[in-house]
Amino acid sequence: MRLFNAWEMGQDQTKQQIEKGLHLYQSNQTEKALRVWMRVLEKSADPAGRFRVLGCLITAHAEMGRYKDMLKFAVVQIDTARELEDPDYLTESYLNLARSNEKLCEFQKTISYCKTCLNMQGTTVSLQLNGQVSLSMGNAFLGLSIFQKALECFEKALRYAHNNDDKMLECRVCCSLGNFYAQIKDYEKALFFPCKAAELVNDYGKGWSLKYRAMSQYHMAVAYRKLGRLADAMDCCEESMKIALQHGDRPLQALCLLCFADIHRSRKDVQTAIPRYDSSMSIMTEIGNRLGLIQVLLGVTKCWMIQKELDKALESIEKAQELAEGLGNKLGLLKLHCLCERIYRTKGQQRELRDHVVKFHECVEEMELYCGMCGESIGEKNNQLQALPCSHFFHLKSLSS
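Calculation notes
- Residues numbered from 1 in each chain as written.
- Predicted model: local features only at pLDDT ≥ 70, side-chain atom pairs only at ≥ 80, totals over all residues.
- Heavy atoms only, no water.
- Helix = DSSP H or I, 4+ residues; strand = E, 2+ residues; numbered from the N terminus.
- Buried < 20%, exposed > 50% of the residue type's maximum accessible area, 1.4 Å probe, protein only.
- Contact = heavy atoms within 4.5 Å.
- Areas by Shrake-Rupley, 256 points an atom, 1.4 Å probe, with all protein chains shown as cover.
- Phe/Tyr/Trp six-rings, centres within 6.5 Å; stacked < 30°, edge-to-face > 60°.
- Lys, Arg positive; Asp, Glu negative; His and termini not counted.
- Salt bridge = Lys/Arg side-chain N within 4 Å of Asp/Glu carboxyl O.
- Polar contact = N/O pair within 3.5 Å; in protein donor to acceptor, adjacent residues only side chain to side chain.
- Axes fitted to C-alpha atoms, helices over the stretch in contact; angles between N-to-C directions.
- Parallel < 35°, antiparallel > 145°, perpendicular 65-115°, else oblique.
- Left-handed = near helix turned anticlockwise from the far one by under 90°.
- Nonpolar A, V, L, I, M, F, W, Y, C, P; charged D, E, K, R; others polar.
- Patch = residues over 30% accessible without salt bridge, like charges linked within 9 Å, V, L, I, M, F, W, Y side chains within 5 Å.
- Charge placed at Lys NZ, Arg CZ, Asp CG, Glu CD.
- Expected span 1.5 Å × (residues − 1).

Asks: Residues and numbers for the overall build of the protein chain, please.
Replies: On a plain count of helices and strands, the protein chain comes out with 19 helices and two strands. Among the 401 residues that make up the protein chain, the fraction classed as buried is 51%. Intrachain contacts of the protein chain at a sequence separation of at least 6 include 57% that bridge at least 24 residues. Entry remark: accessible area of the protein chain is about 19,500 Å², with carbon and sulfur atoms responsible for 49%.

This is the structure in structure tokens:
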């Protein structure tokens, strides 16, 4: 009896310390929170408590951009879940493993772990996680430029969000859809979805983390810039950056710096753009966001092209190409071939020009980025698109006519 009471007291103490850490974390005392949680992890003999504190550590390290540490804790959490012999715990731990790999741009691993989650036969708790699993899988497919599968996953995640009345998940999916449509250049939809996310934050997000507001504002900034509404883009990006700085959100800081640089480049202010690209690149390198690094190098390349420094532009392209090939990011490769085409046309180097034209069209074919009605490629310029239930894309104007 005494032994049982001691075990119960240990559980209570673990719970109290976890809550203490959460309170510190929500008060922006991140390092103090981490120390509290690490003490719990070292001292607690309660597997369920250890599982929960590992979840807190995974989330905190994700938001700080410490993705390798996030992955390390996710692996430990899987061992703890196996010890608990509960399919719900195991599903959650594999989801965290998938997310860790997604953040580290290990997209094939992400998809594999997501499939493991979906194949587990858990209770209704596990089923409620399926929306988050579908979102992570969609982000991974998007990283690999497999657009149809990405859209299928995002739509599935959105259905889970609606069926479970999960507004936080809906907000996150809307931000991912904004990113999706920005990549395939339907800029109206790229703006619509983060605006919808911002509405959800305003209507339901009183008790939510400010990261949801920051995330929606960032994706709105990207869409506004693409649409040429640079003042609106700057306003949204400044608001997002303010929250990112308050919360020590290094990944979002890097994205905002990239967006600021793109805005200045759009204004042809290369002198202001370049230092912001450099700052973004520094953080992206530190946290391991290789997909973000490709975007930074694309922006730097365009700056060198504005300044007619074509050899420097080609140096940036070479670095970006190595990253894009390593990740399997086909859209990045397509954009790089397009820029090479322009550079070699200016240089009058016909053989190199033809080589990149061929490679550009191979990328379009591989990604199936063409309208099923008119046959023209999708993603070359801003066009309103319509996705059918099969997730194939068509130009809206082609369907209308």
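Asks: Could you give an account of the packing of aromatic side chains, with specific residues and numbers?
Replies: Taken as a whole and judged by the stated rule, the model has nine aromatic pairs. On the basis of an interplanar angle of 85° and a centroid distance of 5.0 Å, the ring pair of phenylalanine 180 and tyrosine 181 is categorised as edge-to-face. This pair shows no difference in class: phenylalanine 180 is buried, exactly as tyrosine 181 is. With a centroid separation of 5.8 Å and an interplanar angle of 5°, the aromatic rings of tyrosine 181 and phenylalanine 193 are classed as stacked. Taken together, the residues span a long stretch of sequence, with tyrosine 181 in helix H9 (residues 167-183) and phenylalanine 193 in helix H10 (residues 187-204) at a distance of 12 residues. Overall, the relative accessible area of 14% leaves phenylalanine 193 in the buried class. An aromatic cluster is built from Phe147, Phe154, Phe180, Tyr181, Phe192 and Phe193, whose rings are joined through pairwise contacts.

Asks: Lay out the side chain of lysine 330 in plain terms, naming residues and giving numbers.
Replies: With respect to the helices and strands, the residue lysine 330 is situated in helix H17 (residues 330-347). The side chain of lysine 330 is buried and forms no salt bridge, while glutamate 366, the nearest opposite charge, is found at 4.5 Å. Within the structure, the side chain of lysine 330 is placed 3.0 Å from the backbone oxygen of leucine 144, a separation counted as a polar contact. For lysine 330, the residues in contact, after removing those within four places along its chain, are Leu144, Ser145, Ile146, Cys363, Glu366 and Met367.

Asks: I'd like a rundown of the packing of helix H13 (residues 250-266) against helix H15 (residues 290-306), residues and numbers included.
Replies: Following both chains from N to C, one finds H13 and H15 inclined at 20°, their axes separated by 11 Å at the closest point. Viewed along their axes, H13 and H15 adopt a mutual orientation that is roughly parallel. For H13 against H15, the interelement crossing comes out left-handed. Residues Leu258, Asp262 and Arg265 of H13 form the contact with H15, whose own contacting residues are Gly292, Gln295, Val296, Gly299, Lys302, Cys303 and Ile306. Here the residues of the contact of H13 with H15 sort into four nonpolar, three polar and three charged.

Asks: Break down unusual backbone geometry for me, citing the residues and quoting the values.
Replies: Across the chain, the bulk of peptide bonds are trans and the bulk of non-glycine residues have phi less than zero. Phi at glutamate 85 is positive, roughly 55°, even though this residue is not glycine. Mapped onto the secondary structure, glutamate 85 falls in the loop between helix H4 (67-84) and helix H5 (87-103). Non-glycine residue lysine 185 carries a positive phi angle of around 65°. Along the chain, lysine 185 turns up in the loop between H9 and H10.

Asks: Mind laying out a positive patch on the surface, listing which residues take part and the relevant values?
Replies: A cluster of basic residues, Lys20, Lys32, Arg35, Arg39 and Lys43, forms a positive patch at the surface. It is helix H2 (residues 30-43) that provides the largest number of residues to the positive patch, a total of four residues. Positionally, arginine 35 belongs in helix H2.

Asks: Tell me about H13, residues and numbers included.
Replies: Look at H13: 24 Å from first C-alpha to last across 17 residues, which is about the 24 Å you get at 1.5 Å a residue. Measuring from the side-chain oxygen of the N-cap residue of H13 to the backbone nitrogen of leucine 252 gives 3.1 Å; that N-cap residue is aspartate 249. Of the residues trailing H13, lysine 268 is marked for its positive phi of about 65°.

Asks: Requested: an account of the pattern of salt bridges, with residues and values cited.
Replies: Scanning all chains against the criterion turns up 16 salt bridges. A salt bridge links aspartate 262 to arginine 265; the shortest N-O distance between them is 3.3 Å. Here aspartate 262 pairs with arginine 265, and both are found in helix H13, just three residues apart, close to one helical turn. With respect to burial, aspartate 262 and arginine 265 carry one shared label: buried. Between arginine 345 and glutamate 341 there is a salt bridge, with the nearest N and O atoms lying 3.6 Å from each other.

Everything listed here is a matter of coordinates, which is why it stays silent on function.
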